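Below, each chain spelled out in residue letters.
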Amino acid sequence: MDFTITHRDPASPARAGRLYTDHGTVDTPAFMAVGTAGAVKALHVRDLRESVGSQIMLSNTYHLFLRPGVDIISRAGGLHHFNGWDKPILTDSGGYQIYSLADMRKFTDDGVVFQSHIDGSKHYFTPERAIDIQRALGADIIMAFDECTPYPCDYDYAKKSMNRTHKWLKRCMDHFAQTECQHGYTQALFPIVQGSIYPDLRKESAEYISGMNAFGNAIGGLSVGEPARMMYDMTRDVCAILPDLKPRYLMGVGTPANILESIALGVDMFDCVMPTRNGRNGMLFTSRGIINIKNEKWKDDFSPLDPVGTVFADLQYTKAFLRHLFVAKEMLAAMIATIHNLGFYIWMMREAREQIIQGTFTDWKEKMIKQFMQRR
RNA sequence: GGGGAGAUACCAGAGCGGUCAAAUGGGGCAGACUGUAAAUCUGUUGGCACAGCCUUCGAAGGUUCGAAUCCUCCUCUCCCCA
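Below or above, wherever it landed, is the structure these notes cover. (Residues numbered from 1 in each chain as written. Chains lettered and ligands numbered in written order. Predicted model: local features only at pLDDT ≥ 70, side-chain atom pairs only at ≥ 80, totals over all residues. Heavy atoms only, no water.)

Thoughts on the side chain of serine 12
Here comes step 1: For serine 12, the position within the fold is in the loop between strand 1 (2–8) and strand 2 (15–21).
Here comes step 2: Owing to a relative accessible area of 18%, serine 12 belongs among the buried residues under this scheme.
Here comes step 3: Polar side-chain contacts of serine 12 include one of 2.8 Å to the side chain of aspartate 9.
Here comes step 4: Within the local environment of serine 12, its side chain forms a polar contact with the backbone nitrogen of alanine 14, the two atoms lying 3.1 Å apart.
Here comes step 5: Setting aside residues no more than four positions away along its own chain, serine 12 makes contact with Ala264, Phe361 and Thr362. (Helix = DSSP H or I, 4+ residues; strand = E, 2+ residues; numbered from the N terminus. Buried < 20%, exposed > 50% of the residue type's maximum accessible area, 1.4 Å probe, protein only. Polar contact = N/O pair within 3.5 Å; in protein donor to acceptor, adjacent residues only side chain to side chain. Contact = heavy atoms within 4.5 Å.)

Here it is as structure tokens:
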């Protein structure tokens, strides 16, 4: 695996690069579509690849562990073989579920007991186990087992949690070094910076994480409800410390504006459920702003979804028809919205990359963000 | 022809003398959603000069301090028997 920065924006820390994996190349800045259970909801891998143009997708250790189970995926030859996506995959470690399933978990001395959201059964995750599972799943990039703190989070807890994440990281790194991918290709482990919204904790965490000398590094614990300003401040502080030549991954971000601002701070990789989930709920990200396609005002708007969109569905379907599909609760509504939104996100990343290469990123970014501020 | 049941807000359907502008579903409208417990959740859904007032429960009369709820009559619907 390799990562090269090919261009730098003259007016900001933004950079364009290439991430090389055994399953192909990822141009950065990159957005990863979220396929929690091994599938991007409402989308075929063929459309993810050919229509949307994704180069990498994300899946979740916790969900795949519960269903269908690690053994099945391992016997299938790894997640790539199981779900038919032969390009790069990143798996989250289950750390986020410690946060989102907060009322169904219990910390012990060296791990976390989870209660399954599916059937209530109890399962024990440790850093070592999270690595073992991700070795068996076989994603190209795997994540350290961390705790994502909520917002707001008091200082003492943030510090305690950060220290626990650091201890877990050490165990993840050690266990990672002692094990191998089960499917014959290279995997990289990304550690995760925590520290909530406290600059000194973020600094401490970023320094600790940098010292682990991993292939790439992630920033976690943001976009959990804090003001965007805070998120940018934390991201800026952390990026200033993380190794310049290694990929930086801002986990769970975000809105188009969040992503563009974070690219400008030197982030290379993103993932977010927003284009898929919000799409299924009727929110469309278009080149002319954000729209709620379920609103009555679109009922007789026979213009294409996005006249300058890059996905076939953008010209194939009208706003009025897609609104009708949502109102009628047709499955096709979710499919069209998903392919459109992901197409938009991927287009935006390609364009951002191109603007960095051309040296015009900063001006372009400002113009784009103004467009996203407007709701139509 | 005989016997019975019923008409309530956009729809279905509770309510059966005051705490009813009227439960609950559905539908409509709007909002939320950031490493997915989410094809989900929340709000709202008679009018207005909106902590109050006005007009509503098939129509018209009546009883009562007070009626969607009781009585009379009218109109319409459905069911059973022949």
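Here we look at the state of the cysteines
Here comes step 1: All chains considered together, the criterion is met by 0 disulfides.
Here comes step 2: We note that cysteine 272 lacks a disulfide partner, and the nearest cysteine sulfur, in cysteine 148, lies 13 Å from it.
Here comes step 3: Owing to a relative accessible area of 7%, cysteine 272 belongs among the buried residues under this scheme. (Disulfide = S-S within 2.5 Å.)

Let's talk about the protein's contact with RNA strand B
Here comes step 1: Near RNA strand B, the surroundings consist of 45 residues, among which Ser100, Cys148, Met251, Val273 and Arg323 are the closest.
Here comes step 2: The sugar-phosphate backbone supplies 50% of the atoms of RNA strand B found within 4 Å of the protein.
Here comes step 3: Between RNA strand B and glutamine 97 there is a distance of 3.3 Å, counted from a sugar or linking oxygen to a side-chain nitrogen or oxygen.
Here comes step 4: Breaking the surface near RNA strand B down by element, the ones donating at least two residues are strand 5 (57–60), helix 5 (95–100), helix 11 (274–280) and helix 13 (319–327).
Here comes step 5: For the surface near RNA strand B, the element with the most residues is helix 11, which contributes 5 residues.
Here comes step 6: Residue classes in the surface near RNA strand B are distributed as 15 nonpolar, 18 polar and 12 charged. (Near = heavy atom within 4 Å. Nonpolar A, V, L, I, M, F, W, Y, C, P; charged D, E, K, R; others polar.)

Some thoughts on the sheet that holds strand 9 (residues 122–125)
Here comes step 1: Judged by pairing direction, the sheet is antiparallel, and its 3 strands sit side by side in the order 7-8-9 without closing on themselves. Unpaired on one side and paired on the other, strand 7 (105–107) and strand 9 mark the two borders of the sheet. On average, adjacent strands in this sheet sit at an angle of 20 degrees to one another, irrespective of strand direction.
Here comes step 2: Sheet topology note: the strand 7/strand 8 (residues 112–115) ladder contains 3 bridges and is antiparallel. Opposite arginine 105, over in strand 8, you have phenylalanine 114 as the bridge partner. (Pairing = 2+ DSSP bridges. Axes fitted to C-alpha atoms, helices over the stretch in contact; angles between N-to-C directions.)

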